[in-house]
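# A structural walkthrough
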Amino acid sequence: MPSLKDSLESGLDFIEFLGDRVSGISKKELKDIYNSEFRGREGIKDPNFYKVLLALVKFNKAQIRQGQVYINARPQFRVYCDQWRRPRATQPQDLGSGPQTPAGTPAGSSTPVAPVLTPKKKLASEILRKLKVNRKEHTADKGGIEITSDPVESGGKVQFAVDRLREPFVVRFHIVNKGTDNIHLTYYTALHRIRCFTLEDKRRVTRASPLFLCPGERYEVEVKYILNHYGYFPATMYFEFCPDLPGSVPFCIVREIEAAAQTPLAVELGPVAPYKPFRVAAYKPVDTIIVDGVPPDSSVVPLKMAVKLGDYKYHNDLKDLARRRMEDSEYLSPTAKQKLASVKGLLSCPLKMKNYSHRFHLLLHLEEIQMEVDIRKYDLLNQTMTQDQGNRKLLKLRVPGVAENRPSVLRGDCLRVSKSEDTVQPITVYTGYVHRVELDSVKLGFSKKLLQIFISNMKFNVEFTLNRYPLKLQHRAVDLAVKHQLEEVLFPSGAAVASVPMPKLRMFNRQLENNPEQHAAVQRIVAGSSKPAPHLVFGPPGTGKTITVVEAINQVSKADPSAHILACAPSNSACDLLCERLQVNMDSHQIYRVYANSRDPNSVPKSLLKYCNWDESKDSFVPPQKEVTMKYKVVVTTMVTAGRLVSGGIPVGHFSHVFVDEGGQAVEPECVIAIAGLLDAEKGQLVLAGDPKQLGPILRSPFAIEHGLGLSLLERLMRHNSLYQKNTDGHFDTRFVTKLLRNYRSHSAILKIPNELFYENELQVFADQWERETYCNWEYLPKKGQERKIIMVSTVRSSINYVKMDRDFNIGFLSNEKRFNVALTRARSLLIVVGNPVILKKDPTWEKFISYCVKEKGYTGFEFSDVEEEDDIVSRLATLKINIDSECPVPEESAIQQFVDPGWKNEH
């Protein structure tokens, strides 16, 4: 079934197809045009007319009055040519999770797929990219023309700040012909959509009326700014010239302007130095000699490997293919060329059990290749280390950003250092193992060889490395899934599901007695109504997913004395919460919390330290031993650390139930770590709780994202398996899925838009009235739309110059509707969103929210009337004399690393 966004996309195409026939058409006439002239073109599968019309009305693109349809949307410069428009994905014919995803953001991902552009927008987008990438070339004086400014520019950029709003400020550009030839100033313009300035010159230069500059002549152009709001207002001045010689080619010179209006507080909190983005240097292979260091706690007895863990290294040919964007090239090695077709074939085919391990091995390898590139952003040059005062065998290195997992550095990880002065190959590289991570530094164990030559102020180059352990566990998990024949768990058919009676239960948490959906979910889980298929608890924001999971674990434990339960979540904090809530109604000695030895004991709740694998004598978390672990009724661990239970030899079927909370936040192979090799394919019960409409895992590889690695197991089942989709009467099959409906968190005004966009208006407001209305009368509100009473969301996207439309006229990672959903639904009683509405309104989801705020008088700030229409600026960009045929370097760093710089996952 097509999504609302798919229907909107078809609707916008249809509006453009209509041309002048856009107003006052009867619904019947419009339907006939849609079905007979528009639908079914060029193999594109469009939804039916009424779904499209509903989407247009919902997104305020059309109105229906007395049977007539009135179109509000302007045409968007689209064309219907195959070379520009990629057909939207059709409905899959099988239950796999292949590449069939709707246009726009792929499910579960945080990096958007570039939208399809018209020829004019494609040209304008390419011009913007050239201006950005070849900035030095475009800002340089050339052709005998020199441009100076008042205020003085530096590096092609004029920066100024205004103290008071609504006071004019003038930037003057002085153009001088210092060459020996006559030059025409043919055109100048500003590239930005915000109307906060005017351009003036005495001669009113245009292409139709150019200015003739003799050698030595000068001319002045003024840019008059008036800022009506606090903020940052960039613009790019484009000056175009042409020599007065036969056959001359026009050239351009660019100057950037950055105007800022700040409050005194903003000035006080401002940066102390200009931001200098890190530039990843081109990798040059060098001969090295590796000297291994000293890992922490070498005295700790390692876990016995009953189930081996392979290395799962990728072949260099795959790296070659990824670097060449999976395209045939003369630079590919012969073996890489041979493998190209088979790799592309495996990526494009739907996920099935017969290709399950092969496909996930490939996607995980592609993700690892990109991770290796991205982590180099954090490499450090010319760094000093100091000896640790508490342990002279350790060296201390300052690592800015380590507290925010940028990069992720855990106990047991390794860094590589070499002396900065070493330039003669082979270069000696020392591996240092992390013994301790502090706020902005790490303590490293190196070999005696380095310690003996170490002196103060010695300079080192530092290289960060990936911890491959979680990746190796995921590779093993997909192999084990095939080995243990988990098809009815991962691709359930429902054929083996028996009809079972629902037990009568008295809830441990009495609040669940009054919630029919939570109560029913617990009943079905205890009864095993879906076995061997998973039971899904679909919990929209604030509906009590974790409470339901905890109650179900308590009830299963009570109903079946022989049951053994594994409870997992992607993060340590989520696992700790599960554990703490289970302790309320369960004997603490029945619960065993298993931590990875990399976990910082100071971050563990004190109530849990007694009931986990902490060994005080070794001052460390020790590997979980099989005999100890199997004695407990409930074992709680992250998905990754569940792999240690497999390695330790806990037999398949020991755990009768596996519960996965926040299941939508993990890639499928990570989720499968907790299942494959532990859960019996026929007798076991898997329960997945989460919300596929909220944020999925963060991935870096564009290939892994495009081909489905970002799709969690929870979301794949709900998208591609008919057992977990609504039937013809609009209801889920309650044997397999329960949708929680009562929201106990947020004010109804906060929920309104997410409820309409993502939850079919089924969410019901059950939040405590006093709590949800606590801040409704806050004096600074325009009107007297993790979980907090107040949530402030910053979506500021004004950092890149020119027309701020990164990702080819998209709003980048903000266009991920899951990110939107999570941001808005965390708030209980007050939600404050700060951002650039001009940019945000480019996305239909944000546009609906902003329009709602304006309608409810909950909006304050920039006037939309001061925004230049996108079509106008696109047309202007398309006329610029910028050479787009020249080669432009494509960054190897992933888009998500460039734009978002996310923290690296470190939940072991």
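Check the entry above for the structure.
Presented here is an overview of the structure given in this document.

About the criteria used
Here the residue numbering is sequential within each chain, running from 1 through the sequence in written order. Local features in a predicted model are, by the rule used here, given only for residues with pLDDT of at least 70; side-chain atom pairs are given and counted only at 80 or more, and totals for whole chains, interfaces and linings are based on all residues. Only heavy atoms go into the side-chain values, all of them from the structure, while hydrogens and water stay out. For the purposes of this entry, the term helix denotes a DSSP run of H or I that reaches at least four residues, the term strand denotes a run of E that reaches at least two, and both are numbered from the N terminus. Three exposure classes are used, based on accessible area relative to the maximum for each residue type with a 1.4 Å probe and protein chains only: buried under 20%, partly exposed in between, and exposed over 50%. Note on areas: these come from Shrake-Rupley sampling with a 1.4 Å probe, and a residue is covered only by the protein chains present in the view. Within 3.5 Å is the distance limit for a polar contact, defined as a pair of N or O atoms, with the added protein rule that one can donate a hydrogen and the other accept it, and that residues adjacent in sequence qualify only through two side-chain atoms. Whether two residues touch is decided by their heavy atoms; if any such pair falls within 4.5 Å, the residues are in contact. Each pair of aromatic rings taken from Phe, Tyr and Trp, with Trp reduced to its six-membered ring, is defined by centres within 6.5 Å and is described as stacked if the planes are under 30 degrees apart, edge-to-face if over 60, and tilted in the remaining cases. Two conditions define a charge located above a ring, namely a distance within 6 Å from the ring centre to NZ of Lys or CZ of Arg, and an angle within 35 degrees of the ring normal. One bridge is not enough; two strands pair if DSSP finds at least two bridges between them. Take the buried residues of types Ala, Val, Leu, Ile, Met, Phe, Trp, Tyr and Cys, join any two whose side-chain atoms come within 4.5 Å, and each joined set is a nonpolar core. Axis definition: a line fitted to C-alpha atoms, limited for helices to the stretch in contact. Angles are taken between N-to-C directions and run from 0 to 180 degrees. For this classification, under 35 degrees means roughly parallel, over 145 means roughly antiparallel, 65 to 115 means roughly perpendicular, and everything else is oblique. For a crossing to be left-handed, the near helix must be turned anticlockwise from the far one by less than a right angle; the clockwise case is right-handed.

On to the overall build of the protein, then. A tally of helices and strands in the protein yields 29 helices and 32 strands. Within the span of the protein, comprising 908 residues, buried residues form 52% of the whole. As displayed, the protein has an accessible area near 42600 Å², and 51% of this comes from carbon and sulfur atoms.

A few words on unusual backbone geometry. Asp-150 connects to Pro-151 through a cis peptide bond whose omega is 5°. Position of Pro-151 relative to the elements: it lies in the loop between β4 (145-150) and β5 (157-162). Cis geometry marks the peptide bond from Lys-531 to Pro-532; its omega dihedral reads 5°. Relative to the elements of secondary structure, Pro-532 occurs in the loop between α13 (516-527) and β20 (535-538). Look at Gln-485: it is not a glycine, yet its phi comes out positive at around 55°. You can see Gln-485 is positioned in the loop between α11 (469-483) and α12 (487-490).

Looking now at the environment of Val-628. Topologically, Val-628 is positioned in helix α17 (residues 626-629). According to the relative accessible area criterion, Val-628 is partly exposed, its value standing at 34%. Measuring from C-alpha to C-alpha, the distance between Val-628 and Asn-613 comes to 9.6 Å, with 15 residues separating the pair along the chain.

Next up on the list: the side chain of Thr-465. Tracing the chain through its elements places Thr-465 in the loop between β19 (459-464) and α11. A distance of 2.5 Å separates a polar side-chain atom of Thr-465 from the backbone oxygen of Cys-414. Excluding anything up to four places from it in sequence, Thr-465 contacts Ile-375, Cys-414 and Arg-416.

Here the focus is helix α22 (residues 748-758). Note on helix geometry: an α-helix contains 3.6 residues per turn, so any two residues three or four positions apart are oriented the same way. When you tally the buried positions in α22, you get eight out of eleven residues, the bulk of the element. Regarding α22, the residues found buried are Ile-750, Leu-751, Ile-753, Pro-754, Asn-755, Glu-756, Leu-757 and Phe-758. Note on α22: the residue one or two positions beyond its end, Glu-760, has a positive phi of about 50°.

With that settled, the discussion passes to the packing of aromatic side chains. One pass over the structure, following the stated rule, counts 26 aromatic pairs. With a centroid separation of 6.3 Å and an interplanar angle of 45°, the aromatic rings of Phe-538 and Tyr-759 are classed as tilted. Placement of the pair is Phe-538 in strand β20 and Tyr-759 in the loop between α22 and β30 (764-765), with a sequence separation of 221 residues. Residue Phe-538 is classed as buried on the basis of its relative accessible area, which comes to 5%. Here the aromatic cluster, defined as three or more aromatic residues joined through ring pairs, consists of Phe-538, Phe-732, Phe-758, Tyr-759, Phe-820, Trp-846 and Phe-849. The ring centre of Tyr-70 lies 4.2 Å from the NZ or CZ of Arg-65, which sits over that ring. Just above the ring of Trp-904 sits the side chain of Arg-700; from NZ or CZ to the centre is 3.7 Å.

The next subject is the side chain of His-475. With respect to the secondary-structure elements, His-475 resides in helix α11. A relative accessible area of 0% places His-475 in the buried class. Apart from the residues within four sequence positions on either side, His-475 is in contact with Tyr-312, His-361, Leu-364 and His-365.

This part takes up the pairing of strand β14 (residues 380-387). Pairing geometry for β14 and β19, over three bridges, is antiparallel. What sits directly across from Thr-384, in β19, is Lys-459. Direction of pairing for β14 relative to strand β15 (residues 394-398): antiparallel, over a ladder of three bridges. Bridge pairing links Gln-387 to Leu-395 in β15. In sequence, β14 turns back onto β15 through a hairpin of six residues.

This part takes up the nonpolar core. In terms of nonpolar packing, the biggest core is built from 115 residues, with Tyr-356, Leu-490, Leu-566, Leu-686, Leu-688, Tyr-724 and Phe-849 touching the most fellow members. Counting residues in each nonpolar core, the second largest holds 37 residues, with Ile-145, Leu-185, Val-223 and Val-838 among its members.

To continue, consider the packing of helix α7 (residues 316-323) against helix α9 (residues 356-374). Two quantities define a packed helix pair, namely the angle between the axes and the distance from one axis to the other. With their axes 10 Å apart at the nearest point, α7 and α9 run at an angle of 70° to one another. With respect to each other, α7 and α9 are oriented roughly perpendicular. For α7 against α9, the interelement crossing comes out right-handed. Each of Leu-318, Lys-319 and Ala-322 in α7 lies in contact with α9, whose residues at this interface are Leu-362, His-365, Leu-366, Ile-369 and Glu-372.

Pairing is parallel across the open sheet formed by seven strands, whose spatial order is β22-β25-β21-β26-β27-β20-β28. Among the strands making up the open sheet, the edge pair consists of β22 (591-593) and β28 (737-739). Going from strand to strand, the sheet's axes swing by 15° on average, the running direction of each strand aside. Note that strand β21 (residues 565-569) and strand β26 (residues 657-660) share four bridges and pair parallel. Considered in β26, the bridge of Cys-568 is made with Val-660.

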